[in-house]
Amino acid sequence: MIRPLIGMELKGMRIYKTFLTVNLLIMPLALLFMMIMNSSSRTPEDISYLVSGFIVVSLVSSFLGTLTNRVSNIFEPSVLELYSTLPPKISTVVLAQFLTYSLMVIPQVLIGLTVILYYQGVSRINVPLLVLALLLTFLELGALAVAIGARIGNPYKAMAVTGILPWLFVVFSPAYYRSSFPALYLNPVTHLLLCVRSAIGLQEISPIPWLVSGALTVIFTAFAIRNVGSSYMLEKPF
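Residues numbered from 1 in each chain as written. Predicted model: local features only at pLDDT ≥ 70, side-chain atom pairs only at ≥ 80, totals over all residues. Heavy atoms only, no water.

Description of helix α3 (residues 44–74)
In this model α3 runs 44 Å from its N-terminal to its C-terminal C-alpha over 31 residues, within 8% of the 45 Å that 1.5 Å per residue would give. Of all 31 residues in α3, 24 are buried, a share of seventy percent or more. (Helix = DSSP H or I, 4+ residues; strand = E, 2+ residues; numbered from the N terminus. Expected span 1.5 Å × (residues − 1). Buried < 20%, exposed > 50% of the residue type's maximum accessible area, 1.4 Å probe, protein only.)

Here's the deal with the nonpolar core
If you look at the biggest cluster of nonpolar residues, it comprises 64 residues, and the most contacted ones within it are Val60, Phe63, Leu67, Phe75 and Leu130. When residues of this core are traced back to their parent elements, those giving at least two are α1 (2–12), α3, α4 (77–83), α5 (90–120), α6 (127–152), α8 (165–171), α9 (188–199) and α10 (207–229). (Core = buried A, V, L, I, M, F, W, Y, C linked by side-chain atoms within 4.5 Å.)

With respect to the packing of α9 against α10
Closest axis-to-axis distance for the α9/α10 pair is 9 Å, and the angle between their directions is 130 degrees. It follows from the interaxial angle that α9 and α10 lie oblique. In the packing of α9 onto α10, the handedness of the crossing is left-handed. For the pair formed by α9 and α10, the contact residues are Pro188, His191, Leu192, Leu194, Cys195 and Ser198 on the first element and Pro209, Trp210, Val212, Ser213 and Leu216 on the second. (Axes fitted to C-alpha atoms, helices over the stretch in contact; angles between N-to-C directions. Parallel < 35°, antiparallel > 145°, perpendicular 65-115°, else oblique. Left-handed = near helix turned anticlockwise from the far one by under 90°. Contact = heavy atoms within 4.5 Å.)

A look at α10
For α10, with 23 residues, the first-to-last C-alpha span of 33 Å sits near the 33 Å given by 1.5 Å per residue. What α10 keeps buried is the set Pro209, Trp210, Ser213, Leu216, Thr217, Phe220, Ala224, Asn227 and Val228. In the core, the buried residues of α10 are packed alongside α5, α6 and α9.

Focus on the packing of aromatic side chains
Per the counting criterion, the structure on display carries three aromatic pairs. Here Phe63 and Phe98 contribute two aromatic rings whose centre-to-centre distance is 5.6 Å and whose plane-to-plane angle is 25 degrees, an arrangement assigned as stacked. Pair noted here: Phe63 is in helix α3 and Phe98 is in helix α5, with a separation of 35 residues, a long-range link. A single burial state applies to Phe63 and to Phe98, both of which are buried. The class for Phe63 is buried, based on a relative accessible area of 0%. Here a set of aromatic residues connected by ring pairs shows up, and it is made of Phe63, Phe98 and Phe138. Directly above the aromatic system of Tyr49 lies the positively charged group of Arg197, at a separation of 3.5 Å from the ring centroid. (Phe/Tyr/Trp six-rings, centres within 6.5 Å; stacked < 30°, edge-to-face > 60°. Lys NZ or Arg CZ within 6 Å of the ring centre and 35° of its normal.)

Let's talk about the confidence of the model for the protein
Within the protein, residue pLDDT values average 84, and 88% of them lie at 70 or more. Mean pLDDT across the secondary structure elements of the protein bottoms out at strand β2 (residues 236–237), with 46, and peaks at α9, with 95. Note on residues 234–238: pLDDT is under 50 here. Beyond four places in sequence and across chains, it has eleven contacts. (pLDDT = per-residue confidence, 0-100.)

Let's talk about a nonpolar patch on the surface
Together, Ile164, Trp167, Leu168, Val171 and Phe172 line one region of the surface with nonpolar side chains, adding up to about 460 Å² of accessible area. With respect to the element layout, Trp167 can be found in helix α8. (Patch = residues over 30% accessible without salt bridge, like charges linked within 9 Å, V, L, I, M, F, W, Y side chains within 5 Å. Areas by Shrake-Rupley, 256 points an atom, 1.4 Å probe, with all protein chains shown as cover. Salt bridge = Lys/Arg side-chain N within 4 Å of Asp/Glu carboxyl O.)

Right, dumping it as structure tokens:
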């Protein structure tokens, strides 16, 4: 059931192909290109630091900027009524949307990792830890996006949130600058950045960001499951 839903989601994206191509491919890669072109006076560690920020910011944009809107559209009353006549459960539809946008952002992640590998070298990268850090980032941001989208249940209202929330997460995190200002640690993206950067040898491995990110992933997932499961239509829960 998941594969047909992912295929249906991808086919539906053809209407927004220009918007998605620009926002999920052209603009992020242009930013990455400018980082590399202006890095002649920077060390390999500085470039890897910026590119690791680029990877996490790409995931923030894909999930909190796009997936949230898509999920909120599913929970509009008219759309819920439509899905009530179809075989798949609403939770399965939401899972398919999460997997779809995960697949769409993977090329950016792989390109960023290739650049990091080029500058850092294989010996400095802890591959199992990096896989775990990326998996944690996907799950945490995806769960948060689903929780917010299902809670709002209106794409027009969601646009007000997705227009500012990703921006706040990026600006108030050390994605593209170095800072240890205590307030930044209130931002979940800061801890995800620390996990990724410790896995590629840019920072010492500390258990705190891993524990915080793991706890937030569990909390956001619980909220996402609750919000998706609390949708009602015609007095019947999905």
